[in-house]
Amino acid sequence: MACLSREASLLGRKEVLTGKAKFGIFGDGKEVPQLAMAKFFRPGDFYSGYYRDQTFAFATGAATIKEFFAQLYADPDTSHDPHSGGRQMNSHFATPIFDENGEMLDLINRKNLAAGMAPTAAQMPKSVGLALASKLFRNNEAVRNLTHLTNNGNEVCFATIGDASTSEGHFWETVNAAAVQQIPLAIFVWDDGYGISVPKKYQTTKGSISEALKGFQIKEGTNGIDIYKLKAWDYAGMCEVLEGAIEKIRQTHIPALFHVEEVTQPQGHSTSGSHERYKTAERLQWERDWDCIKKMKEWVLENNLATEDELFAVETEAKEFVRNSKNEAWQEYQQPILQQVKEVSEILEELKSSSPVPQQISQLQSQLISNKEPNRRDVMSVLFKGISLHSGNVNAQDYYEKLCRENEQLFNSYLHTQNRKSAMLVPAVKAQFAADAPVLNGYEVINKYFDQLFATNHSVVAFGEDLGFIGDVNQGFAGLQSKYSANRIFDTGIRELTIMGQGIGLAMRGFRPIAEIQYLDYLIYGLQPLSDDLATMQFRTVGKQGAPMIVRSRGHRLEGIWHSGSPMGMIINSLRGMYVCVPRNMVQAAGMYNTLLQSNEPGLVIECLNGYRLKEKLPSNLNEFTVPLGVPEVIKQGTDVTIVSYGSVLRVIDEAVKHLEQIGISCEVVDVQTLLPFDVNHIILQSLQKTNRIVFVDEDVPGGAAAYMFNKVMEEQGGYKYLDVAPRTITGKAHRPSYGSDGDYFSKPNAEEITEVIQKMMNE
Ligand SMILES: Cc1ncc(C[n+]2csc(CCOP(=O)(O)OP(=O)(O)O)c2C)c(N)n1
Ligand SMILES: [Mg+2]
């Protein structure tokens, strides 16, 4: 296996240098420790690692050498690259967690690899959740019987990270969260002494991650982590330590760090550079002498486990096997493209005969067939040009459109779930209000909602800062921890990044986490895992993985720079792949939670910070009704102007509208309800067709979410055709809001400003 993997690295690099693949990053030098790690990785376990771990993927059976090459070539066929359908760089592996209907697979019988990512340390936050799931399964009777997902919480999460990437805050936050929570996480640090060209002494305190972490080490009567040092070339030594250490993690849930030292990198960091530029001759020589495969071979021979001849045969066979796998992968990758070339060439032939410019078409044809390694884009480009030189050929046009559809599916699908677990397919159920429906404070509505939710759905867990014991800063969970236990509703440290990662990992293991960001302004601390991991997960695994997690937060106007933000432009632009819900009150929020919980998709729900003490009527079907996503609601009818907005600012608009109606201007107010997706049925356009005037109001900065809504209605919905006067946006100021009531008034859209703008529109 080590030889196979090494050979894959060597040939992989060649494929890039000869131009058949674009970029390569390989696991050479790290084969032997990964074999040791794989030996103790069991069905049910999870892996969250980085781009060096091809040997681990081969050894666990999660990937084949052929798949490795298919991914290197960016083959978009998922039967060739089942990990990412050519969407990820090489060595980003992923095993399926859902079947094609969106049902969770029997993860307990599978070796599970969570989809890798290229940002350094990005794999760490999620590993907290993947490990925590074991603890929650073990401690919580109601979910312990989910035997397709757990065996009494014995599953370990194996995380890997490069030595230099331990400099990231992600690493430290993860280690601390794991140590505090005591969760079965095994972290392997592949210490090859460098992060590209920058050596350890500039990366790590004392130049050693295990030394730097000493304060985390568990002692009698404390929490903490176990720390082990291993030598990357010492297969037997590693196995001996890992056997006991991994078993201890399984049983005790005490996390551990394995500092794997003396790792080499024979071919340097990646195909983008050469390590001779920054490693000394002595270091390069040392890396040759201490190559883990060379050392393993010596150990095999010393212990008479095989003869020199046998090892030679192993190496020779490995070379041949990898070469064949590589060739097959290339042929399978090229075959459909060559077929397209053939068919397009025939079409061009046909065009030639009736074209006024046969020579130009001929040129295109020879350009295409002379291309020895054509891409799909070459086919499209030639065909498009051919069609434009000879308009009106139905055959050519049809074929072009067929390819467009095919390529769309290959390269642009699965931003969202494409099966029946899509949030867009959840049936709409209206809220029902009894004649004597009680009127409660917003926080009481949401508290009742969560109470009933936790009583009926045992997979739901909720956590965040101050969420457990006091039941969140606005009492949404007040009294619920004592009712449903601290295994389901619990406090976390102040660590938004790993709160998000914790949610992602738990969702991947079958929980339905509600992970809280205390105030929307702090979402930025947790944005990286949401943007890079969660929002891309279905896309980058072509639907094989996903994390149906709910991020709950509260935001919009209240007080001051960091308690009244509404950075919605930032959010919607970084979270494509998630649903972004902006309920105007707590009843609407409950309906959105219900919708999301019936789907397999992740969503962010931003409750109104100033809405918890407003009175709301309680629906009789609080836990059954759903708010369909992407469907705005006309909350006030009118005829002169359409006002489009959401969230807290609707209440400011209400004030303006009352005044405008007094002076004879009739306003129609539309609550968009969700920004992602946005008005899928073009309800706003219908309103505009009636009023012929439109204004978008939003608390975000100019050019933020208001500009997004404007673009959607004007361009996508074709709203520009129905305008009698210039459309407007009214937004917050470009700076952060000033503190206090006046700061709020002058920083955010206010009723007078809205009134004035609409009066002007009426006089235009
Ligand atoms: C957030 C982020 N910053 C920078 C990079 C570019 N980059 C890719 S790998 C790498 C070095 C990582 O070194 P190490 O963690 O030691 O892993 P190794 O490649 O040595 O195994 C850097 C800087 C990145 N991918 N992500
Ligand atoms: Mg390194």
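Keep in mind it's a predicted model, so treat the numbers as computed, not measured.

Basis of the calculations
Residues numbered from 1 in each chain as written. Chains lettered and ligands numbered in written order. Predicted model: local features only at pLDDT ≥ 70, side-chain atom pairs only at ≥ 80, totals over all residues. Heavy atoms only, no water. Axes fitted to C-alpha atoms, helices over the stretch in contact; angles between N-to-C directions. Helix = DSSP H or I, 4+ residues; strand = E, 2+ residues; numbered from the N terminus. Contact = heavy atoms within 4.5 Å. Expected span 1.5 Å × (residues − 1). Buried < 20%, exposed > 50% of the residue type's maximum accessible area, 1.4 Å probe, protein only. Core = buried A, V, L, I, M, F, W, Y, C linked by side-chain atoms within 4.5 Å. Phe/Tyr/Trp six-rings, centres within 6.5 Å; stacked < 30°, edge-to-face > 60°. Donors = N, O, S within 2.8 Å, 3.2 Å for Na, K, Ca; no water. Near = heavy atom within 4 Å. Polar contact = N/O pair within 3.5 Å; in protein donor to acceptor, adjacent residues only side chain to side chain. Areas by Shrake-Rupley, 256 points an atom, 1.4 Å probe, with all protein chains shown as cover. Nonpolar A, V, L, I, M, F, W, Y, C, P; charged D, E, K, R; others polar. pLDDT = per-residue confidence, 0-100. Pairing = 2+ DSSP bridges.

Chemist: Is there a simple way to explain the packing of helix H18 (residues 496-508) against helix H19 (residues 523-534) in this structure?
Modeler: The description of two helices packed together rests on the angle between their axes and the distance between the axes. Interhelical geometry of H18 versus H19 gives an angle of 30 degrees and a closest axis separation of 6 Å. Contacts between H18 and H19 involve Glu496, Leu497, Met500 and Ile504 from the first element and Tyr525, Gly526, Gln528, Pro529, Leu530, Asp533 and Leu534 from the second.

Chemist: In this structure, what is going on with unusual backbone geometry? I would like to understand it.
Modeler: Excluding glycine, most residues fall at negative phi; most peptide bonds, likewise, are trans. Looking along the chain, the bond that leaves Leu676 and enters Pro677 is cis, with omega of 0 degrees. Tracing the backbone shows Pro677 in the loop between strand E20 (674-676) and helix H24 (683-691). Not every positive phi belongs to a glycine, and Ala121 is a case in point at roughly 75 degrees. With respect to the element layout, Ala121 can be found in the loop between strand E2 (112-113) and helix H5 (123-139).

Chemist: Is there a simple way to explain helix H9 (residues 235-252) in this structure?
Modeler: Residues spaced three or four apart along an α-helix point in a common direction, a consequence of the helix completing one turn every 3.6 residues. Counted at 1.5 Å a residue, the expected span for H9 with its 18 residues is 26 Å, and the 25 Å between its end C-alpha atoms agrees. Listed in full, the buried residues belonging to H9 are Tyr235, Gly237, Met238, Cys239, Leu242, Ala245, Ile246, Ile249 and Arg250. Among the residues trailing H9, His253 stands out with phi positive, at a value near 65 degrees.

Chemist: Help me understand the nonpolar core, please; the structure alone is not making it clear to me.
Modeler: Generally speaking, soluble globular proteins have nonpolar side chains that are buried together. By size, the foremost hydrophobic cluster in this structure holds 81 residues, and its most contacted members are Ile187, Met568 and Leu675. A total of eight residues in this core trace back to one element, the largest contributor, which is H5. Setting aside its immediate chain neighbours within four residues, Leu675 contacts Met568, Ile572, Val580, Val582, Tyr646, Tyr708 and Met709.

Chemist: For this particular structure, what's the right way to read the packing of aromatic side chains?
Modeler: For any pair of aromatic rings, the description rests on two quantities: the centre-to-centre distance and the angle between the ring planes. In this structure the tally under the stated criterion is 34 aromatic pairs. Centroid distance Phe58 to Phe68: 5.7 Å. Interplanar angle 75 degrees. Geometry classified as edge-to-face. Of this pair, Phe58 sits in helix H3 (residues 54-59) while Phe68 sits in helix H4 (residues 65-72); the two residues are 10 residues apart in sequence, bridging distant segments of the chain. Residue Phe58 is classed as buried on the basis of its relative accessible area, which comes to 6%. Of the residues examined, Phe68 reaches a relative accessible area of 0% and is grouped as buried. Within the aromatic cluster, the residues linked to one another by ring pairs are Phe41, Tyr47, Phe56, Phe158, Phe188, Trp190, Tyr228 and Phe258.

Chemist: Looking at this structure, I do not really get the coordination of the magnesium ion (ligand 2). What am I missing?
Modeler: Perfect tetrahedral coordination of a metal by four donors corresponds to 109.5 degrees between them, and perfect octahedral coordination by six donors corresponds to 90 or 180 degrees. Around the magnesium ion (ligand 2), the protein contributes the donor atoms Asp163 (OD), Asp192 (OD) and Tyr194 (O), at 2.0 to 2.1 Å from the metal centre. For the magnesium ion (ligand 2), the donor residues sit on a single chain with the sequence spacing D-x28-D-x1-Y. Linking Asp163 in the loop between strand E3 (157-162) and helix H7 (169-181) with Tyr194 in strand E5 (residues 194-195), this pair joins segments that are 31 residues apart in sequence. Exposure class is identical for Asp163 and Tyr194. Each is buried.

Chemist: What exactly am I supposed to notice about the side chain of Gln481 here?
Modeler: As for its placement among the helices and strands, Gln481 is situated in helix H17 (residues 480-484). Among residues more than four places away in sequence, those in contact with Gln481 are Gly468, Phe469, Ala486, Ile489 and Phe490.

Chemist: Honestly, the site of ligand 1 in this entry has me stumped. Any pointers?
Modeler: Among the 18 residues in the neighbourhood of ligand 1, the closest are listed as Tyr50, Tyr51, Arg52, Asp163 and Ser165. At a separation of 2.6 Å, an oxygen atom of ligand 1 approaches a polar side-chain atom of Tyr50. Separating an oxygen atom of ligand 1 from a side-chain N or O atom of Tyr51 is a distance of 2.8 Å. About the coverage of ligand 1: the protein hides 71% of its 580 Å² of free accessible area. A class-by-class count of the residues in the shell around ligand 1 yields seven nonpolar, six polar and five charged.

Chemist: When you look at the confidence of the model for the protein in this model, what are you seeing that I'm missing?
Modeler: The predicted structure's coordinates, where accompanied by low pLDDT, should not be read in detail. Averaged over the protein, the pLDDT score is 97; the fraction of residues at 70 or greater is 100%. The weakest mean pLDDT in the protein belongs to helix H6 (residues 141-144) at 92; the strongest belongs to strand E4 (residues 185-190) at 99.

Chemist: Would you mind going over the side chain of Asn393 with me for this structure?
Modeler: In this structure, Asn393 sits in the loop between helix H14 (376-389) and helix H15 (394-412). Here Asn393 falls in the buried class, since its relative accessible area comes to 12%. From its side chain, Asn393 meets the backbone nitrogen of Asn395 in a polar contact 3.0 Å long.

Chemist: Would you take a moment to explain the pairing of E3 for this structure?
Modeler: In terms of residue burial, E3 counts as a mostly covered element, since six of its six residues are buried. Of the two faces of E3, the one carrying Cys157, Ala159 and Ile161 and the one carrying Phe158, Thr160 and Gly162 are both buried. The sheet contact formed by strand E1 (residues 46-48) and E3 spans three bridges and is parallel. When the sheet's bridge partners are listed, Phe46 is paired in E3 with Cys157. In terms of strand pairing, E3 meets E4 through six bridges, oriented parallel. Each bridged residue has a counterpart across the sheet, and for Phe158 the counterpart in E4 is Ala186.

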